[in-house]
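# Structural overview for review
In case you want the letters, here they are:
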There are 2 protein chains.
Amino acid sequence: MNIILLSGGSGKRLWPLSSETRSKQFLKVLRSPEGTHESMIQRVWRQIHKAIPDAHMIISTTDSQKETIRKQLGVQVDIALEPERRDTFPAIALAAVFLAMERGCGMDETVIVMPVDAYAEDGYFQTLLKMDRAVQSDAADMVLMGIRPTYPSSKYGYIVPEPVQTSGLMRVASFSEKPEAKRAIELLDMGAFWNGGVFAFKMRYIMEIISRYIVPQGYQQLRENYGRLRKISFDYEIVERCRSIAMVPYYGMWKDLGTWNTLTDVMHDNNAGNVISGEGCSNTHIVNELDIPIIALGVCNTVVAAGPDGILISDKLASTQLKSYVEKIDQRPMYEERQWGNYKVLNYMRYQNGNHSLTKHLMILAGENLEYQMHKNRDEIWSIVDGRGDLLIDGHLRNVRCGDVAYITRGTLHSIRAITDIHLIEVQIGDELSEDDVENLAWDW
Amino acid sequence: MNIILLSGGSGKRLWPLSSETRSKQFLKVLRSPEGTHESMIQRVWRQIHKAIPDAHMIISTTDSQKETIRKQLGVQVDIALEPERRDTFPAIALAAVFLAMERGCGMDETVIVMPVDAYAEDGYFQTLLKMDRAVQSDAADMVLMGIRPTYPSSKYGYIVPEPVQTSGLMRVASFSEKPEAKRAIELLDMGAFWNGGVFAFKMRYIMEIISRYIVPQGYQQLRENYGRLRKISFDYEIVERCRSIAMVPYYGMWKDLGTWNTLTDVMHDNNAGNVISGEGCSNTHIVNELDIPIIALGVCNTVVAAGPDGILISDKLASTQLKSYVEKIDQRPMYEERQWGNYKVLNYMRYQNGNHSLTKHLMILAGENLEYQMHKNRDEIWSIVDGRGDLLIDGHLRNVRCGDVAYITRGTLHSIRAITDIHLIEVQIGDELSEDDVENLAWDW
């Protein structure tokens, strides 16, 4: 069985701890079986391995999440990387072609597409096996998972099965997308299920659809011609046009951890980080990723989240409104995880004369290196405050360690490779400070 | 008339925006008559000038507040600086000796002692004139201000006047310090007043008491022998022993802005700084001194205060409990105002091998300079990110400007003087990073 896990989302609903590079699926706030913290993607990855040990998994994502995924799941994980964001159909098509062309997945094998951030019990993953059997027995071209609704939500899509069926595999009569409250109640009365975005089909089925746009000759070829795949969702392009659809019901626990309100329900701890929670606090969750302490006194039914990008204080129910407020914020990311480590913006100043300065703390993991790069509009001063490594300036390597300082003028190529973990303070000075002011060159370390 | 304004307080009750160097009286959150922000000390200073234009004022304080006071009231303000913290009697004695010996205040002149953070309407300051007249007419050795209570508080001291008196000047029958709730109600029934800590007496009166410990021959002489003054409060040493006490009542508005609950009542704005206050927020005050945004959703009856030292989220009534929680925090100050400007700690790291690093942003005002200093246990890297000035290293001066970097090894004397406002990033590296690791030398700029 082959599983394509979709990892997307800009993470505005869980601001400030999620962002473009750190979507909600990467937040390590859940409890693992060993009692440690794990993220949603780690939980799903672990649960699939347990339910289906021989499943071959691939993550479909964009460049901004690649490094975080490798850090959380290991560097050997297969990733189908969208060259640009289009929609779910092209993304799934690219992952399917990777499986077929690069991993030798046969045309008769089952491909399952599912979100990477489903929060469910093990039965959910057992249901994938039932879907595989339905596909392999040619019960339908497309098999969906139906999730038993717990309330008449207007947030989800519904699958309406044909009446009078056995409970194992159901024919689908119709779909209903995000119904109004009254219609949602009717759908529940009709025995409808939530559509949790889990689809199973044979490789042949999707390859034939892809071939209408471009005959796939390889993964790289498809990446280079990615724009030829229609910018459309998998639902519109494939599911709605499919004439042979069945549904396997799942009756167990399933939660959409898309907002602070639902996420705090399943969090490992009430408080995380430097938090002093005083008397009178109740039903309150506080996550503090800053170095400074938070004191909470007499705070009820509230979620507090503080990180380098900002601070949220919200009534739990009101937290579902967060997205529209986050969209008003126009601020560069203050913290990013990269494959080589991470950086945090410590200070940004704009002066009257048009001069700017920006100070960062960088942590580079032992064995990793920054890209070999230069900037047009800024000088950088690197103060190495811990560790040792090799500094590369315009092709010249030199050994550096804690206490060394490098002055990198604009136009100078530079990089650093960590021998032990390196911490450095980077001071940028220039008329224009932008993450886009960078030219990368290859360097063979 | 001479007024000694007592400026003390470690400011734990208004954490995180107040601290050792930034007590509550310096928070610029009140509205001035011009519609701008002013602090409590600025408000009191302005109100005294208005009510008593010829009053001579002196601030009694400690070294840690000196620079902030000069910045808020002007460099020409008289300050009596305690060489060490003892108690209110020695502090007031030192200020009185300054007035007598350095400013020629006569033995028959009135001295008024009052707190610097009283929040009251103009009538309060008019009452000082009545106290002066009572002292000058020798109505009593010691004249106190009685504040009409608005509720039976257990937080304050009470002055019980003798019964059946005219309303202008009252004989004092007894005092009652922080009574229990039941007793406070009785006190109100008896017509008692709150003791707001405002005392008036003739200079001769306090000089005679000081002379029991040391015959004052000058301000510097008393500072050098400060330890000979008994470590005791002004109330115990003087007021309680005085046999001739009168009280002038004040019936107007007076507030103790000692907690967030009371301070937010009189604040200029509901939100200050980078704050997005969403629907459903009510009776909530948010003060954000950080660079990152705060989003508040559905938050009621709450005060939020965020600054470099930490973040408070508190139900307004519960905020009175803050002090005991703040005392649990053991953290170096992250932001301090100095006469030369200010600094903010951006980052502090402790590494496995015992190595530490600390990064600061310093802002040095044009014309000001840092103390000429050296450190034993740390190297410092200064990157000048804006402005220009003179860098002094081991007696050698050189002109520096934006983009220049200085590497200051341990044991090297160094300072900088700003020609225009200077912003610099200081990276400290060492085995031990402490504000106490500093030796200052004199330098004649």
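For the structure, see preceding data.
Residues numbered from 1 in each chain as written. Chains lettered and ligands numbered in written order. Predicted model: local features only at pLDDT ≥ 70, side-chain atom pairs only at ≥ 80, totals over all residues. Heavy atoms only, no water.

## Quick notes on the environment of Leu441(B)
All names here are of chain B. Here leucine 441 lies in strand β30 (residues 439-441). Residue classification places leucine 441 among the partly exposed residues on the basis of a relative accessible area of 41%. Placed 28 residues apart in sequence, leucine 441 and leucine 413 show a C-alpha to C-alpha distance of 8.4 Å. Among all residues touching leucine 441, those that are not within four sequence positions of it are Tyr372 and Leu413. (Helix = DSSP H or I, 4+ residues; strand = E, 2+ residues; numbered from the N terminus. Buried < 20%, exposed > 50% of the residue type's maximum accessible area, 1.4 Å probe, protein only. Contact = heavy atoms within 4.5 Å.)

## Focus on the sheet that holds strand β24 (residues 378-386) of chain B
All names here are of chain B. The strand order β20-β21-β22-β29-β24-β27 describes an open sheet built from six strands, whose pairing is antiparallel. Edge positions in the sheet fall to β20 (335-338) and β27 (405-408), since each of these pairs with one other strand and no more. Across the sheet, the axes of successive neighbouring strands diverge by a mean angle of 20 degrees, strand direction being ignored. Relative to strand β29 (residues 422-430), β24 runs antiparallel, the two sharing eight bridges. Counterpart to isoleucine 381 in the pairing with β29 is valine 427. (Pairing = 2+ DSSP bridges. Axes fitted to C-alpha atoms, helices over the stretch in contact; angles between N-to-C directions.)

## As for empty space enclosed by the protein
Per the stated rule, a full pass over the model turns up two cavities of 30 Å³ or more. Each pocket or cavity is described by its volume, and for the largest cavity that value is around 70 Å³. Along the wall of the largest cavity there are twelve residues; nearest its centre are Pro16(B), Leu17(B), Arg22(B), Asp309(B) and Tyr335(B). Classifying every residue of the lining of the largest cavity by side-chain character gives four nonpolar, three polar and five charged. Considered as a void within the structure, the second largest cavity measures approximately 50 Å³ in volume. Contributing to the lining of the second largest cavity are Pro16(A), Leu17(A), Ser18(A), Ser19(A), Arg22(A), Pro308(A), Asp309(A) and Tyr335(A). Taken together, the residues of the lining of the second largest cavity break down into four nonpolar, two polar and two charged. (1 Å grid on protein atoms, 1.4 Å probe; cavity = no way out; pocket = protein on both sides within 12 Å on 5 of 7 lines; lining within 4 Å. Points joined across faces, edges and corners; volume = space filled by probe spheres on them. Nonpolar A, V, L, I, M, F, W, Y, C, P; charged D, E, K, R; others polar.)

## Considering the interface of chain B and chain A
In this complex, chain B contributes 56 residues to the contact, which on the side of chain A involves 56 residues. In total, about 4400 Å² of surface goes out of reach between chain B and chain A, with carbon and sulfur atoms giving 70% of it. Per-residue buried area on chain B facing chain A is highest for Ile295(B), Leu297(B) and Ile313(B); these three make up 17% of the total on that side. Run the count over chain B and chain A and you get zero salt bridges. The element that contributes the greatest number of residues to the side of chain B that touches chain A is strand β19 (residues 310-315) of chain B, accounting for six residues. The residue inventory of the side of chain B that touches chain A, partitioned by class, reads 34 nonpolar, 17 polar and five charged. Where strand β19 (residues 310-315) of chain A meets strand β17 (residues 294-297) of chain B, four bridges bridge the pair, whose relative direction is parallel. Residue pairing across strands places Ser314(A) opposite Leu297(B), the latter belonging to β17(B). (Buried area = accessible area lost by both parts, 1.4 Å probe. Salt bridge = Lys/Arg side-chain N within 4 Å of Asp/Glu carboxyl O.)

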